[in-house]
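Descriptive analysis of the structure
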Amino acid sequence: MTAPGVVIAMPGNEQLAEELAIRLGLERGVATVRRFPDGESYVRIESPVDGRGTFIVCTLDRPDDKLVPLFLLAAALREAGARSVGLVAPYLAYMRQDRRFQPGETISAHHVGAWISRSVDWLVTVDPHLHRITDLSQVCSVPAHAVHAAQSMAQWIREHVRDPLLIGPDEESAQWVGAVAQHALAPFVVLRKTRRGDRDVEVSLPDVERWRSRTPVLVDDIVSTARTMIETVGHLRQAGLAAPVCVAVHAVFAQTAFEDLRAAGAGEIVSCDTIRHPSNRIPLAAAIAAGVRTLLPA
Ligand SMILES: O=P(O)(O)OC[C@H]1O[C@@H](O)[C@H](O)[C@@H]1O
């Protein structure tokens, strides 16, 4: 009988690793991941992995601190004899730099995808920010699967919001808000946004008069500085609508973004649990486990 596969959590990812191990009938592996006093990373795999399928669980918000230990851990697993090494990264970083916006920039999404593809045999992630790059295969050369959170988000909205009107703050969000609206059986509108800088965005609001009786629900994939949601919340409040519920897949929330969004007049702020955050209300372990099943070698 072949030994079961082994799941290894990078620090901070233990809960999802445990849930995936239970749902998929795998063992939890033990690894030490820490920093040397000089800031370099130290990794050591402490569980037997020889001949076994393995995967690492590591969500990739604040990615620059995580990518080096992740690559080292993947290498350590191979050197310890693992038959395969996968990666479950519920949030896949760098996907928004998917174009050379200014001369002299690079398309970071391609490079990060290439580094990951050199390190692991397969990748499972959740709703990667695919916009100008439309498919994960354009950034990853290894088998990659994108889990969609739309159904889980729709379920939360159906259970918690009366008469929702779903609102996508910009054209990029149309794919997410459209899918969520379809599952939630709710109407949706998509706004127009102009981004002038990291923290400078302008959103234009269509006529929302006929939706006045509904509860506005902003739906987006990522909240980073929250400027997109803050700007939209401001317009909706000015138009006399109720405090919008804000629902996002990935709660990146840079610096004071969460507090800023609350202060801007948002109603409840809710996220999926791809990045650990106090706003997490929508668990995705079951959907991620189903995604892993499609790629986990027998
Ligand atoms: O406005 P912040 O929160 O910084 O950035 C998040 C937005 O930027 C877009 O790429 C995302 O799809 C989202 O609409």
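Residues numbered from 1 in each chain as written. Predicted model: local features only at pLDDT ≥ 70, side-chain atom pairs only at ≥ 80, totals over all residues. Heavy atoms only, no water.

**Focus on the pairing of strand S5 (residues 53-57)**
Counting buried positions over the five residues of S5 gives five, a clear majority of the element. Side chains Gly 53, Phe 55 and Val 57 project from S5 onto one buried face, and the interleaved Thr 54 and Ile 56 project onto a second face that is buried too. In terms of strand pairing, S5 meets strand S6 (residues 84-89) through five bridges, oriented parallel. Bridge assignment links Gly 53 to a residue of S6, and that residue is Ser 84. (Buried < 20%, exposed > 50% of the residue type's maximum accessible area, 1.4 Å probe, protein only. Helix = DSSP H or I, 4+ residues; strand = E, 2+ residues; numbered from the N terminus. Pairing = 2+ DSSP bridges.)

**A closer look at the pairing of strand S15 (residues 269-272)**
Going residue by residue along S15, you find Ile 269 and Ser 271 tucked away on one face and Val 270 and Cys 272 tucked away on the opposite face as well. Sheet topology note: the strand S14 (residues 245-251)/S15 ladder contains three bridges and is parallel. Across the sheet, residue Ala 248 finds its bridge partner in S15, namely Ser 271. Handedness of the crossover joining S14 and S15 through helix H7 (residues 257-263) is recorded here as right-handed. With two bridges connecting them, S15 and strand S16 (residues 280-282) associate as parallel partners. Bridged to Ser 271 within S16 is Asn 280. (Right-handed = clockwise from strand over helix to strand, strands pointing away.)

**Some details on the packing of aromatic side chains**
As enumerated under the stated definition, the model contains three aromatic pairs in all. Summarising the aromatic geometry, the rings of Phe 36 and Tyr 42 are spaced 5.6 Å apart at their centres and angled 85 degrees between planes, so their arrangement reads as edge-to-face. Centroid distance Phe 253 to Phe 258: 5.1 Å. Interplanar angle 70 degrees. Geometry classified as edge-to-face. (Phe/Tyr/Trp six-rings, centres within 6.5 Å; stacked < 30°, edge-to-face > 60°.)

**Considerations on the domain arrangement of the protein**
Along its sequence, the protein is carved into domain 1 (6-148 + 284-293) and domain 2 (150-273). In this structure, domain 1 and domain 2 have C-alpha centres spaced 28 Å apart. Between domain 1 and domain 2 the total buried area reaches about 1300 Å² when both faces are included, carbon and sulfur atoms providing 50% of it. The three residues of domain 1 that bury the most area against domain 2 are Asp 127, His 129 and Leu 284, which together make up 40% of that side's buried surface. Inspection of the region where domain 1 meets domain 2 yields zero salt bridges. (Domains from an automatic or database assignment. Buried area = accessible area lost by both parts, 1.4 Å probe. Salt bridge = Lys/Arg side-chain N within 4 Å of Asp/Glu carboxyl O.)

**Quick notes on the confidence of the model for the protein**
For the protein, mean pLDDT is 94; residues scoring 70 or higher make up 99% of the total. Here the complex is predicted with pTM 0.94, and the ipTM for its interfaces comes to 0.98. (pLDDT = per-residue confidence, 0-100.)

**Describing the pattern of salt bridges**
Considering all chains together, one arrives at eight salt bridges under this definition. In this structure, Glu 18 engages Arg 28 in a salt bridge whose closest nitrogen and oxygen atoms are separated by 2.7 Å. In this pair, Glu 18 is assigned in helix H1 (residues 14-24) and Arg 28 in strand S2 (residues 27-28), connecting sequence segments 10 residues apart. In this structure Glu 18 comes out as partly exposed when scored by relative accessible area, which is 35%. Among the charged side chains, a network of salt bridges with common partners joins Asp 61, Arg 62 and Lys 66.

**Quick word on the sheet that holds strand S9 (residues 164-168)**
The sheet built from six strands is open, its strands ordered S10-S9-S13-S14-S15-S16 with parallel pairing. At either end of the open sheet lies a strand with only one pairing partner, and these are strand S10 (188-190) and S16. Neighbour-to-neighbour, the strand axes of the sheet open up by a mean angle of 35 degrees, direction not taken into account. Where S9 and S10 come together, three bridges link them in parallel fashion. The partner of Gly 168 across the bridge, within S10, is Val 190. The sheet contacts of helix H4 (residues 150-160) involve S9, strand S13 (215-223), S14, S15 and S16, and relative to S14 the element is tilted by about 155 degrees. Running over the sheet, helix H6 (residues 227-238) touches S9, S13 and S14 and is turned about 165 degrees from S13. (Axes fitted to C-alpha atoms, helices over the stretch in contact; angles between N-to-C directions. Contact = heavy atoms within 4.5 Å.)

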